[in-house]
Amino acid sequence: MTEVIALFNERLNEALEKRDMRPVDLANRTDIPEATISQYRSGYAKPKYPRIVKIADALNVNLTWVMGGDVPMEKESR
């Protein structure tokens, strides 16, 4: 079982920074309103699972990592 070590908003902000992506870019890639992404980034709101999947895919990060799991940020190569 994976231990949760970080909050979703912390991981989202870290991934945006590392991917050099603006919130508007993420909004365009996911069809999630930019205002909603702002709420996720601030920790005011947390997305439901389907949106977390969209965000992880758009940022090209490990789904478990973005959800706060103690795993590497990068997706494993298959």
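Structure: above.
Residues numbered from 1 in each chain as written. Predicted model: local features only at pLDDT ≥ 70, side-chain atom pairs only at ≥ 80, totals over all residues. Heavy atoms only, no water.

Among the structural elements, Thr 30 can be located in helix α2 (residues 23-30). Looking at Thr 30, the relative accessible area reads 2%, which means it is buried. Every residue in contact with Thr 30, bar those within four places of it in the chain, is listed here: Ile 37, Lys 54, Ile 55 and Ala 58. (Helix = DSSP H or I, 4+ residues; strand = E, 2+ residues; numbered from the N terminus. Buried < 20%, exposed > 50% of the residue type's maximum accessible area, 1.4 Å probe, protein only. Contact = heavy atoms within 4.5 Å.)

Contact geometry of helix α1 (residues 8-18) with helix α4 (residues 49-59) gives a least axis separation of 10 Å together with a crossing angle of 25°. In terms of orientation, α1 lies roughly parallel with respect to α4. As for how α1 packs across α4, the hand of that crossing is left-handed. Contact with α1, carried on its side by Phe 8, Leu 12, Ala 15 and Leu 16, involves Ile 52, Ile 55 and Leu 59 of α4 and no other residues of that element. Tallied by class, the residues present in the contact of α1 with α4 amount to seven nonpolar, no polar and no charged. (Axes fitted to C-alpha atoms, helices over the stretch in contact; angles between N-to-C directions. Parallel < 35°, antiparallel > 145°, perpendicular 65-115°, else oblique. Left-handed = near helix turned anticlockwise from the far one by under 90°. Nonpolar A, V, L, I, M, F, W, Y, C, P; charged D, E, K, R; others polar.)

Quick look at the nonpolar core now. Formed by 19 residues in total, the largest nonpolar core has its most connected members in Phe 8, Leu 12, Leu 26, Ile 55, Leu 59, Val 61 and Val 66. Broken down by secondary-structure element, the contributors of at least two residues to this core are α1, α2, α3 (34-42), α4 and α5 (63-66). Ranked by residue count, the leading element in this core is α4, at five residues. Each residue touching Leu 26, except ones within four places of it in the same chain, is listed here: Leu 12, Leu 16, Met 21, Ile 37, Ile 55, Ala 58 and Leu 59. (Core = buried A, V, L, I, M, F, W, Y, C linked by side-chain atoms within 4.5 Å.)

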